[in-house]
Amino acid sequence: MTNYLNIKDYDDYKFFFVETTANCNLRCKYCYYKKTDKKPEYDADKLVSSLEKFDKIVICFLGGEPFLNPEFIEEVMNHPKLENKNVIFASNTNGTCFNKIKPEILSKFSFHHLSIDGEKENHDFFRGQGVFYKIIENLKYLRKYSDAGIIARMTVSNPNQINDIPNFPKYFDAVYWQLNNSREELDEYFLEVYLKNLNILFDYWKENIFKNKNFTIIPFVGMCDLILTGGMENPDLICGSGTDHVNICIDGSVYPCPESPHRLLDKEKLGLIDNFEFKTYSLKKRCKDCNILKYCGGRCAMTDDELYCKGIIEIHKLLTYFIESLTENQLDKLKNIINYQKGLAYTTEVTP
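About the thresholds
- Each chain carries its own residue numbering, running from 1 in the written order of its sequence.
- Under the rules for a predicted model, residues below a pLDDT of 70 receive no local features and side-chain atom pairs below 80 are neither given nor counted, while totals for whole chains, interfaces and linings still include all residues.
- Side-chain measures were taken over the full set of non-hydrogen atoms in the model, leaving aside hydrogen atoms and water.
- Throughout this description, buried means an accessible area under 20% of the type-specific maximum (1.4 Å probe, protein chains only), exposed means over 50%, and partly exposed covers the range between.
- Only runs of H or I of at least four residues qualify as helices and only runs of E of at least two qualify as strands under DSSP, and these elements are numbered from the N terminus.
- The arc in question is the one traced by the directions running from the helix axis out to the C-beta atoms.
- Contact definition: two residues touch when any of their heavy atoms are within 4.5 Å.
- Paired strands, as defined in this entry, are two strands with at least two bridges between them according to DSSP.
- Should a side-chain nitrogen of Lys or Arg be within 4 Å of a carboxyl oxygen of Asp or Glu, the pair is scored as a salt bridge.
- Stacked, edge-to-face and tilted labels apply to pairs of Phe, Tyr and Trp rings (six-membered ring for Trp) whose centres lie within 6.5 Å, assigned for plane angles under 30 degrees, over 60, and everything in between, in that order.
- By nonpolar core is meant a set of buried Ala, Val, Leu, Ile, Met, Phe, Trp, Tyr and Cys residues that side-chain atoms within 4.5 Å join together.
- A fitted line through C-alpha atoms serves as each axis, taken over the contacting stretch for helices, and the angle formed by two N-to-C directions is quoted from 0 to 180°.
- Oblique is the label for every angle not falling under 35 degrees (roughly parallel), over 145 degrees (roughly antiparallel), or within 65 to 115 degrees (roughly perpendicular).
- Put simply, a crossing is left-handed when the front helix is turned counterclockwise from the back one by less than a right angle, and right-handed when it is turned clockwise.
- Gly falls in the polar group here, along with every residue not listed as nonpolar (Ala, Val, Leu, Ile, Met, Phe, Trp, Tyr, Cys, Pro) or charged (Asp, Glu, Lys, Arg).

Chemist: How would you summarise helix α2 (residues 70-77) if you had to cite specific residues and measurements?
Modeler: If you check which residues of α2 are buried, you get F72, I73, V76 and M77. Along the axis of α2, the buried positions cluster into a sector of 130°, meaning they face one direction only. Against β1 (14-19), α1 (44-51), β2 (56-62), β3 (86-93), α3 (103-106) and β4 (109-115) lie the buried residues of α2.

Okay, structure coming up:
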């Protein structure tokens, strides 16, 4: 078996998000993806051949729902050209199909980003009745054959969703959330309630960070690590899109990240699977002028909305006050815990 705790430094890796299908077995209320039965228009050998020139790589399968095309995943993971490479396997999944995957394939994954929108009531409201229970049953199956890190990834459309996070340690190793990119529900009222709940969640984190080092609240841990280590020396887009991360689409086209094929013009395409180049995206002026840039790294290149920034600024403020309140012994203990937990934190873009 493999495990995220054995991975020392994700900064050395190139991340490749690989779409295995455009289809999905769920119909989430907020999803804007166009679902089709399309599968990759290239074969596993072509994919692996295009990636083998890189020394350390993460291959993260996604869709649609990636495990609806297990044959392609299996071909890639068992490809002989990857046998002696430093390869990390991961997925972005809705968590409903693990029981359809061979145990020997599940055992090769290091982590999964699992879409979960809260406890049963919230999750099933957005994703369909009975889906939460189905995920929990699939997690039991997964844990039998894999010690991969399981990251709950929330799409927050309701500011009260994050109130469910204290219940997550019994299911997951970590949680990360992102405000709904559709922007439909984000307004000043949303922000007021969200910031209030963010403070409540932070109080929970403060009370438990020294008690349970095995559960990671990624937005707190990621920024806490940056504050404790002095921040980014040369701040850039912290998600790594274009520079270290790319998305390989069903048709073989390559874009900076999984969101970009749906939101960016074709001129932002980085090339095709067998001929593409990485690209560095510039930070917005607002980010460059911000006094917490080195602790945030700038937001999504496709999102230009200050509402997203206010939550991040609040997290920075809460963490700064907390760190300043600690004794020297407490600070040393915190540093050790954060260093342990950031193995999963840095599989995401750290800030929501």
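Chemist: Let's hear about the pairing of strand β6 (residues 174-179): which residues, and what values?
Modeler: For β6, the tally of buried residues reaches six of six residues, placing the bulk of the element in the interior. Neither face of β6 is open: one carries A174, Y176 and Q178, the other V175, W177 and L179, and all of them are buried. Of the strand pairs in this sheet, strand β5 (residues 149-156) and β6 are connected by six bridges, and their pairing is parallel. Its bridge partner lying in β6, T155 is registered against Q178. In terms of strand pairing, β6 meets strand β7 (residues 216-217) through two bridges, oriented parallel. Across the sheet, residue A174 finds its bridge partner in β7, namely T216.

Chemist: Before we move on, can you summarise the pattern of salt bridges with the specific residues and values?
Modeler: The tally for this structure, following the rule as stated, stands at 15 salt bridges. In this structure, K102 engages E74 in a salt bridge whose closest nitrogen and oxygen atoms are separated by 2.9 Å. Pair noted here: K102 is in the loop between β3 and α3 and E74 is in helix α2, with a separation of 28 residues, a long-range link. With relative accessibility at 39%, the residue K102 sits in the partly exposed group. Note on E74: relative accessible area 23%, which makes it partly exposed.

Chemist: Break down the packing of aromatic side chains for me, with residues and values.
Modeler: Considering all chains together, one arrives at 22 aromatic pairs under this definition. Seen in terms of ring centroids, W177 and F220 are 6.1 Å apart; in terms of plane orientation they differ by 85°. Their pairing is edge-to-face. One end of the pair, W177, is in strand β6; the other, F220, is in helix α7 (residues 218-228), and 43 residues separate them in sequence. For the pair W177 and F220, a shared accessibility class is recorded, and that class is buried. An angle of 85° between the planes, with centres 6.1 Å apart, marks the rings of F202 and F322 as edge-to-face. Linking F202 in helix α6 (residues 188-208) with F322 in helix α11 (residues 306-324), this pair joins segments that are 120 residues apart in sequence. The two residues F202 and F322 agree in class, both being buried.

Chemist: So what's going on with the nonpolar core? Residues and values would help.
Modeler: Membership of the largest hydrophobic core comes to 109 residues, with the highest contact counts inside it found for I59, V76, L139, I165, W177, W205 and I217. Counting residues in hydrophobic clusters, the runner-up holds six residues, among them L237, C239, Y281 and L283.

Chemist: Break down the packing of α7 against helix α12 (residues 328-345) for me, citing the residues and quoting the values.
Modeler: Their axes nearest at 9 Å, the elements α7 and α12 cross at an angle of 125°. Considering the angle they form, α7 stands oblique to α12. For the crossing formed where α7 meets α12, the hand is left-handed. Together, I218, V221, G222, C224, D225 and L228 of α7 and L331, L334, K335, I338, Q341, K342, L344 and A345 of α12 make up the contact between the two elements. For the contact of α7 with α12, the class distribution of residues is nine nonpolar, two polar and three charged.

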